[in-house]
Amino acid sequence: MTPLAISAFTLTTALGAGRAATLDALRAQRSGLAPVTFMGLPLPTWVGEVAGVDATRLPQPLAEFDCRNNRLAWWGLQQDGFLGAVAVARARWGAGRVAVFLGTSTSGLLQTELAYRRRTSDGSLPADFHYGPTQNTYSVADFAMHALQLQGPSWVVSTACSSSAKVFGTAARMIAAGLVDAAVVGGVDSLCLSTLYGFNSLELLSDEICRPWDAARKGLSIGEAAAFALVERASEAPQGWLLGIGETNDGYHMSTPHPEGAGAIAAMRGALADAGLQAADIDYINLHGTATPTNDTAEDAAVNSVFGSSTPCSSTKGATGHTLGAAGAVEALIALLAIQHGVMPAGLNVQQRDAALQLNYLQHNQAAGVRRVLSNSFGFGGSNASLVLGGVG
Amino acid sequence: MNELRVWVQGIGLLGPGLNSWPSALEVLRGGQPHANVPTVLPLPSRLPPAERRRAGSAVKLAMAVADEAVTQAQFDPGTLATVFASSSGEGANCHALCDTLASATPVVSPTRFTNSVHNASSGAWHIAVASRAPSTSLCAFDGSFGAGLIEATISVCLTGRPVLLVASDSPYPEPLNTARPLPDHFGVALLLTPAATERSLSALTLRLSSSPAVATPLREASLETLRHALPAAAVLPLLVAIAQGAAQRHMALGYLPAMGLLVDVEPVV
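These numbers come from a predicted model, not from an experiment. Think of each chain on its own: its residues are numbered from 1, step by step along the sequence as written. Chains and ligands are labelled by the order in which they are written, letters from A for the one and numbers from 1 for the other. Reporting of local features is limited, given that this is a predicted model, to residues whose pLDDT is at least 70; pairs of side-chain atoms are given and counted only at 80 or more, and all residues count toward the totals for whole chains, interfaces and linings. Remark: hydrogens and water are excluded; side-chain values derive from all non-hydrogen atoms of the structure.

Observations regarding the overall build of chain B
Phase 1: Within chain B one finds ten helices and eight strands.
Phase 2: For a compact globule the rule gives 2.2 Å times the number of residues to the power 0.38, and the radius of gyration it is set against comes from C-alpha atoms. Radius of gyration (C-alpha) of chain B: 18 Å, near the 18 Å computed for a compact globule of 269 residues.
Phase 3: As presented, chain B carries roughly 9900 Å² of accessible surface, and 54% of it is formed by carbon and sulfur atoms. Put simply, DSSP marks the helices as runs of H or I at least four residues long and the strands as runs of E at least two long, and each gets a number from the N terminus on. To measure how exposed things are, a 1.4 Å probe is used in the Shrake-Rupley method; for residues, cover is taken only from the protein chains shown.

What follows is the structure, given as structure tokens:
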């Protein structure tokens with residue numbers, strides 16, 4: 001692909017709101033995970049809750065979009081001067097030439113879960129429940145279109161945990177096809193009952209902090225996040241570049257990765273080919289690394305078969321939690337921070353490294369020149385996406 | 001890229017009173033009145049038995065139209081990239097999860113949770129046809145068909161490879177049905193190719209329009225009602241033009257409130 005300029009970016013996770021807070025936490029090797037207090041749920045698990053979501057209020061004209069997911073989106077959009085950067089792009093290209101493509105898995109579903117608890121005596125939902133602007137999968141992109149005053153093409157990609165990696169590909173294609181000149185891409189996913197109880201029912205939640213690449217890893221810790229990037233046909237001051245993307249399917253099982261990671265291997269090879277790069281050109285790999293026994297084993301084998309075992313790599317989910325539909329964008333933007341600040345972030349919470357895993361998994365931050373990063377995102381339904389990101393100069 | 005032009009090589013269709021592409025032709029041509037008979041979903045025969053048992057309505061619907069399109073086009077689905085567009089996914093599943101989660105001690109079914117992802121249909125299809133080709137799953141509320149058609153078309157034009165577009169919607173049970181009334185199941189699949197073949201039915205050329213044109217209305221009132229009621233039925237003006245074999249320029253399909261989608265339809269002789 002033609003490299004795509006990333007003109008602005010911001011991310012808000014359990015590590016904090018915005019880039020500086022994220023970078024501070026990564027440098028301090030500090031996790032944002034804590035035992036769950038969200039809604040007082042009686043689940044034995046840890047979560048990465050974002051501080052400040054509950055206190056966020058949407059602008060009054062957008063009140064009908066009010067739900068946890070859109071509050072998180074609005075909180076995230078206000079960081080790092082992102083609103084200003086989009087305003088400049090809107091003036092430069094025109095509101096109809098700037099697209100919005102966001103990834104989410106559950107959107108504002110919490111709003112519906114709560115509305116079901118308030119059903120009236122005849123079983124109907126309360127009158128203040130608005131399906132379209134909250135529950136519908138598109139609601140977060142619709143909200144962002146209104147909040148950013150954009151009128152370009154827009155949709156949500158919802159392919160579970162690869163969603164917000166894939167939107168980078170969507171934007172690249174739309175710009176290459178000449179339909180738009182710029183796009184706001186990213187992902188927003190917020191804590192809700194379906195995902196917490198759902199992953200619990202699949203016995204994929206860890207009852208302690210998640211520990212990717214640990215011999216005794218027990219599963220994931222769920223997080224929430226809002227991550228946004230502005231990509232443009234041309235940029236005067238790019239923050240970084242999208243160099244390539246590979247998208248594949250496993251065609252194997254709805255919720256279990258292919259044991260040898262066949263689809264993941266094809267996604268990574270596809271991303272390298274799209275970028276015109278060799279495996280040796282990648283300095284650091286941000287792994288999907290969910291800390292489920294099966295994911296880490298399959299991903300270790302898959303990465304090893306494409307890169308060998310020497311490329312430094314880590315999963316940052318021990319810091320942020322698994323932010324599901326937002327994870328692809330969060331980790332792509334952590335990759336940009338790694339490139340900009342010359343730090344490969346450690347994979348946290350490892351007590352006893354799994355000796356069966358082969359990769360060069362970083363247990364401590366490593367200061368180094370980082371030119372290019374590959375970031376993996378894999379999801380339910382067998383959906384795989386790998387991104388290659390590069391620095392400026 | 002100068003022109004976003006693709007060819008339709010296969011069509012799958014399933015909705016109220018529209019049981020397949022060939023059986024719907026006379027209705028779409030105006031030779032027969034449209035009867036609003038409830039949609040009947042076939043069992044997804046391509047799925048392995050375990051997945052077939054777990055398949056909900058949304059998966060059955062998407063599989064049925066996808067299957068019809070690739071069979072009619074005589075196309076090997078094993079290497080075919082796909083785009084799935086839906087306004088809402090599996091409504092019955094969503095209701096069951098929310099109902100369970102409203103109880104004091106929720107016990108969630110792992111199968112229901114797994115199948116609650118918006119890309120459940122994509123996952124099931126790629127398992128059924130053992131395909132590792134790229135796939136995406138989209139939503140743009142009432143504009144979901146338009147979003148899918150744009151994504152599928154640019155993918156065909158940029159990669160030079162065919163793409164199967166599947167757009168489908170299934171109803172919610174109450175109480176969600178009142179909040180989001182979708183009266184029945186409606187699904188369509190279009191197999192799009194980068195060049196004309198001997199099996200091509202029609203050529204489509206796409207443009208975006210920043211002045212949202214009112215979607216081209218349908219002459220048959222019953223089909224027009226369907227077009228308004230179900231997001232995936234936004235395809236109907238396109239199917240009518242293809243069925244009638246008439247060239248049509250600047251056909252407006254519904255997409256977003258502030259953005260229209262214009263299509264030129266040319267029959268392949």
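A short note on the packing of aromatic side chains
Phase 1: Between the rings of Phe, Tyr and Trp (Trp by its six-membered ring), a pair exists once the centres lie within 6.5 Å; its type follows the angle of the planes, with under 30 degrees stacked, over 60 edge-to-face, and the other angles tilted. All chains considered together, the criterion is met by ten aromatic pairs over all chains.
Phase 2: Aromatic side chains Y131 of chain A and Y172 of chain B sit 5.5 Å apart centroid to centroid with 70 degrees between the ring planes, which places their arrangement in the edge-to-face category. Of this pair, Y131 of chain A sits in helix α5 (residues 131-135) while Y172 of chain B sits in the loop between β4 (163-169) and α8 (176-179), each in a different chain. The residues Y131 of chain A and Y172 of chain B share a single accessibility class, namely buried.
Phase 3: Ring plane angle 70 degrees and centroid distance 4.9 Å describe the contact between F199 of chain A and F113 of chain B, whose orientation is recorded as edge-to-face. The classification of residues rests on relative accessible area computed with a 1.4 Å probe and restricted to protein chains. Under 20% of the type maximum is buried, over 50% is exposed, and intermediate values are partly exposed.

Let's talk about the sheet that holds strand β3 (residues 34-35) of chain A
Residues and elements named next belong to chain A.
Phase 1: Across the sheet, three strands lie side by side as β3-β4-β8; this open sheet has mixed pairing. With one partner strand each, in any of the chains shown, β3 and β8 (222-223) form the two edges of the open sheet.
Phase 2: Judged from the two bridges that link them, strand β4 (residues 46-48) and β8 form a sheet pairing that is parallel. Pairing of V47 across the sheet is with I222, part of β8. Pairing between strands is defined by DSSP: at least two bridges between them are needed.

Notes on the pattern of salt bridges
Residue and element names in this part refer to chain A.
Phase 1: We define a salt bridge as a side-chain nitrogen of Lys or Arg found within 4 Å of a carboxyl oxygen belonging to Asp or Glu. What the rule picks out here adds up to 27 salt bridges over all chains.
Phase 2: One salt bridge in this structure joins E247 and R173, with 2.9 Å as the shortest N-O distance. Residue E247 is located in strand β10 (residues 240-249), and its partner R173 is located in helix α7 (residues 163-176); the two are separated by 74 residues in the primary sequence. With respect to burial, E247 and R173 carry one shared label: buried.
Phase 3: Linked through salt bridges whose partners overlap, the residues forming this network are E49, D54, R68 and E224.

Regarding helix α4 (residues 91-101) of chain B
Phase 1: Summarising burial for α4 of chain B: eight of the eleven residues are buried, a large majority.
Phase 2: For α4 of chain B, the elements touching its buried residues are α4 (109-117), α5 and α8 (193-201) of chain A together with α5 (110-114) and α8 of chain B. Throughout, a contact is declared for two residues whenever any of their heavy atoms are within 4.5 Å.

Looking at the packing of α4 of chain A against α4 of chain B
Phase 1: Note on method: axes are straight lines fitted to C-alpha atoms, helices fitted across the in-contact stretch only, with angles between N-to-C directions ranging 0 to 180 degrees. Packing of α4 of chain A against α4 of chain B brings their axes to within 8 Å, and their N-to-C directions diverge by 55 degrees. Taken as axis vectors, α4 of chain A and α4 of chain B run oblique relative to one another. Here α4 of chain A and α4 of chain B pass one another in a crossing that is right-handed. Along its contact with α4 of chain A, which presents L109, T112, E113, Y116 and R117 of chain A, the element α4 of chain B presents C94, H95, C98, D99 and L101 of chain B.
Phase 2: For this scheme, ten residues count as nonpolar: Ala, Val, Leu, Ile, Met, Phe, Trp, Tyr, Cys and Pro. Four count as charged, namely Asp, Glu, Lys and Arg, and the remainder, Gly too, count as polar. Partitioning the contact of α4 of chain A with α4 of chain B into residue classes produces five nonpolar, two polar and three charged. Angle categories are assigned with fixed cut-offs, so that under 35 degrees is roughly parallel, over 145 is roughly antiparallel, 65 to 115 is roughly perpendicular, and the rest are oblique. Note: crossing handedness is left-handed where the near helix turns anticlockwise from the far helix by less than a right angle, and right-handed where it turns clockwise.

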